[in-house]
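Notes for the structure review
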Amino acid sequence: MMRKSLVLLVSGVLFAGALATVHGALRPDASPPLEDPPPPLPAAPVFAEREGVRVSFDLALKARPREAAAGSALQGTARFMLADAKTGASLQGRRVLGWMAPRAPGAEAPDDAACKERVKSYLGGLLSTKAEVDLNAYWFLTLNHDQTVSVINPQLAFERTKLHSLVSLGGEVADWALLKDRSALYATVTSGDSVSVVDLRRFLTTRTIRVGQRPGRIVVAPDGRTAWVSNDGDGTVSILDTTAHTELAALEVGAGRHEVTFSDEGRTAWLTSTEADALTAVDVASREVLGTVSVGVGAGDVAWSAVARAVFVAQPRTSEVLVLDVGRREVSRRIAVKPGLGALRLDRTGRWAFLLHPDAGSVDIIDAATSQVAHSLHGFAAPDSVVFTDAFAYVRNTTSGRVSLVDLSTLGGASTPSVVNVTMGQLAPADARGLGRSDPIAALPEGNGVIVAGAADRALFLYQEGMMAPRGTHLNYGREPRAVLVLDRSLREVEAGTYTATATVRENGTYDVAFLLDNPRTIVCMEWKVGGVPEDAALAKKLPLKLTPRFDPARHFTAGTSTPLRFRLEPTPGMDPRPVGPEEVRVLMFKTPGTWQWRTEPRLTDDGDLEVDFAPPSPGQYKLVVGVESRNIDLGRLPHFTFGVVEASAPTRASLSEVAR
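All of these numbers come straight from a predicted model, not from anything done at the bench. (Residues numbered from 1 in each chain as written. Predicted model: local features only at pLDDT ≥ 70, side-chain atom pairs only at ≥ 80, totals over all residues. Heavy atoms only, no water.)

What follows concerns the overall build of the chain. On a plain count of helices and strands, the chain comes out with 2 helices and 52 strands. Considering the chain as a whole, with its 661 residues, one finds that 55% of them fall into the buried category. For the chain, the share of sequence-separated contacts (at least 6 apart) that also reach a separation of at least 24 residues comes to 55%. (Helix = DSSP H or I, 4+ residues; strand = E, 2+ residues; numbered from the N terminus. Buried < 20%, exposed > 50% of the residue type's maximum accessible area, 1.4 Å probe, protein only. Contact = heavy atoms within 4.5 Å.)

Spelled out as structure tokens, the structure:
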């Protein structure tokens, strides 16, 4: 079920609640999988009632073996159950947020006023008030021109940069796709004849899958078990196992580019080829070719309509859209359209097919129920992609900075549908280095807005339906975002009135659980006791590593000059004794305030220290932050350091003191 985002007005300040999260709040246990003992019996839920709402909470942690290292964390499922306090009826379709924070020894449980203040501080996104466990993890992923993926936290304050991670993909990327369980991202690397697998817990490229020549489009099957890759250089489509991350088969389907759609609730895959004259049907489970349908050379986009129970195929060569009877495997109807066919997409209901004409600057809208063109819209500027929410179709214009919103509720009548143009950025996408094949617009999980990749502006634009301008802008740190995805691991409704999210706790003790409901507006704090984390109580408060600087933190640096900084990471006594390798360490340096930042991996020196080069580009204040994800140490948990940087000609503190002497 689609989760609703939450925008709250607290003490006169507007907070985008559903976007509020601090990176690293949800971290998986980095220890290798071991054979676990039977899970412990779940603790009884805790309850609270406010504003006529009954809220219950429990946290079911997965068991860890006795051999688990001290300092290791436990992962489990946090669950909120909502009901009407009088009738007991489940409260469905609500927008909820939740946090957990360990209570300080001797501290009392927060009363209602303190609870509201705590929730307000969590929504602010400050490092100083972040919760130990944030159940609202929400990131934007951008596919960049420089062969990287940016992971952006959309609402964070000064203490942390919004750029959570930068992932290198190892080559020029043609397309990408999220796995259904959101555990990994697949990206087709054209230059490497491969698919890069990005672990979305650690935000690292963990492996490479070899496929055919020049892989292009990639589509994940509806059941999530396989991904289908168009190998544009050798006439094949690779089928990948998304669990083992391996190639299961490579099917010969014809030369050229391929597009993929799935019919019959995902049981059958349909594959086009731009240089073959047939559409190939494949059984998804067995991977056997079921047959082919003659559609002529040059077939383009293909889409399945559950309303028509038919496959629609764009045929640019004849300026037609072909309607395919999937049972008989034959073309049942040909719909004449204007020349210059581009993208073909169906809305979420499967009734309305949008056919873009970039050269003509127009959009044809086909009613799949009647297989006829219902509307022809004009006034677009080289449209190349369309993405849908429940209410609107978002059409990108490549030679203009505007996005056109087509009101889907107006398509059923005879009158011209309503179209609203919203400016997203100052520059046209065509001014960027390239446009790419992936969608530059992504619907937000709440369903009432989108995030738009402004490639030429090097920024993301957050738009909420009903507004005439973007609600917010997020810089992409100098990189051109060619495509965007939303990675959402926040609380979601899994059954009527039950909302769950993954949670990771690092220590035993009493936790204050804060909960926020949008309608009726309800703020609740409850108490939950965590036990069973496999570590000694004396070690529970300690980090598994100690960071010791080998530099003077009070020293001033010179802008434009590179200076090596050394530090040492040593295991805390009584905890995991393994030494830390430089490949495990992430170092972030950034200017505050400002957008400059540098992420790097340190090098190992001969005496066992770790070293990075600090080259501040301009005067100001900078921070250095270290993280070691393999030891469950997120960026910001270890001590961080603040440096002052002066102009090259300005005297430093040391030189001033010398002058005074």
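Below, the discussion takes up the nonpolar core. Generally speaking, nonpolar side chains in soluble globular proteins are found buried as a group. Phe-57, Leu-59, Phe-80, Met-100 and Val-505 are the most contacted members of the largest nonpolar core, which totals 28 residues. Among the secondary structure elements, those contributing two or more residues to this core are β4 (53-61), β5 (74-84), β6 (96-102), β41 (498-505), β42 (509-517) and β43 (522-530). Among the elements that take part in this core, β4 stands out by supplying 5 residues, more than any other. Those residues in contact with Leu-59, other than ones at most four positions away along the chain, are Gly-76, Thr-77, Ala-78, Met-100, Ala-503, Val-505, Trp-528 and Val-530. One finds Leu-545, Phe-551, Leu-638 and Phe-643 within the second-largest nonpolar core, a separate group that totals 24 residues. (Core = buried A, V, L, I, M, F, W, Y, C linked by side-chain atoms within 4.5 Å.)

As enumerated under the stated definition, the model contains 1 disulfide in all. One disulfide in the model links Cys-115 with Cys-525; its S-S distance is 2.1 Å. In this structure, the disulfide formed by Cys-115 and Cys-525 twists by about 90° around the S-S bond and is classed as right-handed. One end of the pair, Cys-115, is in helix α1 (residues 112-124); the other, Cys-525, is in strand β43, with 410 residues separating them in the sequence. The two residues Cys-115 and Cys-525 agree in class, both being buried. (Disulfide = S-S within 2.5 Å.)

Right, let's talk about the environment of Gln-372 for a bit. With respect to the helices, strands and loops of the structure, Gln-372 is situated in strand β30 (residues 372-378). Look at Gln-372 and you get partly exposed, because its relative accessible area is 45%. In this structure, the C-alpha to C-alpha distance between Gln-372 and Arg-333, residues 39 residues apart in sequence, is 9.8 Å. Gln-372 has contacts with Arg-333, Ile-335, Ile-365, Ile-366 and Asp-367, leaving out every residue within four places of it along the chain.

Summed over the entire model, instances satisfying the criterion amount to 33 salt bridges. A salt bridge links Arg-103 to Glu-527; its shortest N-O distance comes to 3.0 Å. Of the two residues, Arg-103 sits in the loop between β6 and α1 while Glu-527 sits in strand β43, which places them 424 residues apart along the sequence. Residue Glu-527 is classed as partly exposed on the basis of its relative accessible area of 34%. A salt bridge links Arg-328 to Glu-330, with the nearest nitrogen and oxygen atoms 3.8 Å apart. For Arg-328, a relative accessible area of 63% puts it in the exposed group. (Salt bridge = Lys/Arg side-chain N within 4 Å of Asp/Glu carboxyl O.)

A few words on the sheet that holds strand β45 (residues 556-558). Ordered in space as β45-β52-β51-β47-β48, the 5 strands form an open sheet in which the pairing is mixed. Both outer strands of the open sheet, β45 and β48 (597-600), are each paired with one neighbouring strand and no more. Shown here is a sheet whose adjacent strand axes are inclined to one another by a mean of 25°, direction ignored. Taken together, the 7 bridges between strand β47 (residues 585-591) and strand β51 (residues 620-628) define a ladder with antiparallel strand orientation. If you follow Val-587 over to β51, its bridge partner there is Val-626. (Pairing = 2+ DSSP bridges. Axes fitted to C-alpha atoms, helices over the stretch in contact; angles between N-to-C directions.)

Counted residue by residue, strand β31 (residues 383-388) has 5 buried out of 6 residues, so it is predominantly covered. Here β31 hands over to strand β32 (residues 392-397) after 3 residues, the two strands then running antiparallel side by side.

Across the sheet, which stays open at both edges, the 5 strands sit in the order β3-β4-β5-β41-β40 with antiparallel pairing between neighbours. Of all the strands in the sheet, just β3 (46-50) and β40 (492-495) have a single pairing partner and so form its edges. Adjacent strand axes in the sheet meet at a mean angle of 35° when their direction is disregarded.

Omega for the bond connecting Asn-519 with Pro-520 falls within 30 degrees of zero, at -5°, which places this linkage in the cis form. By the secondary structure assignment, Pro-520 is in the loop between β42 and β43. At Glu-51, a position not held by glycine, the phi torsion is positive, near 50°. If you trace the backbone, Glu-51 turns up in the loop between β3 and β4. Assessed through its relative accessible area of 59%, Glu-51 is described here as exposed. Even without glycine at this site, Glu-265 takes up a positive phi of about 55°. With respect to the helices, strands and loops of the structure, Glu-265 is situated in the loop between β19 (260-263) and β20 (268-271). Taking relative accessible area as the criterion, Glu-265 reaches 56% and is therefore assigned exposed.

Any functional reading would require information that these geometric values do not contain.
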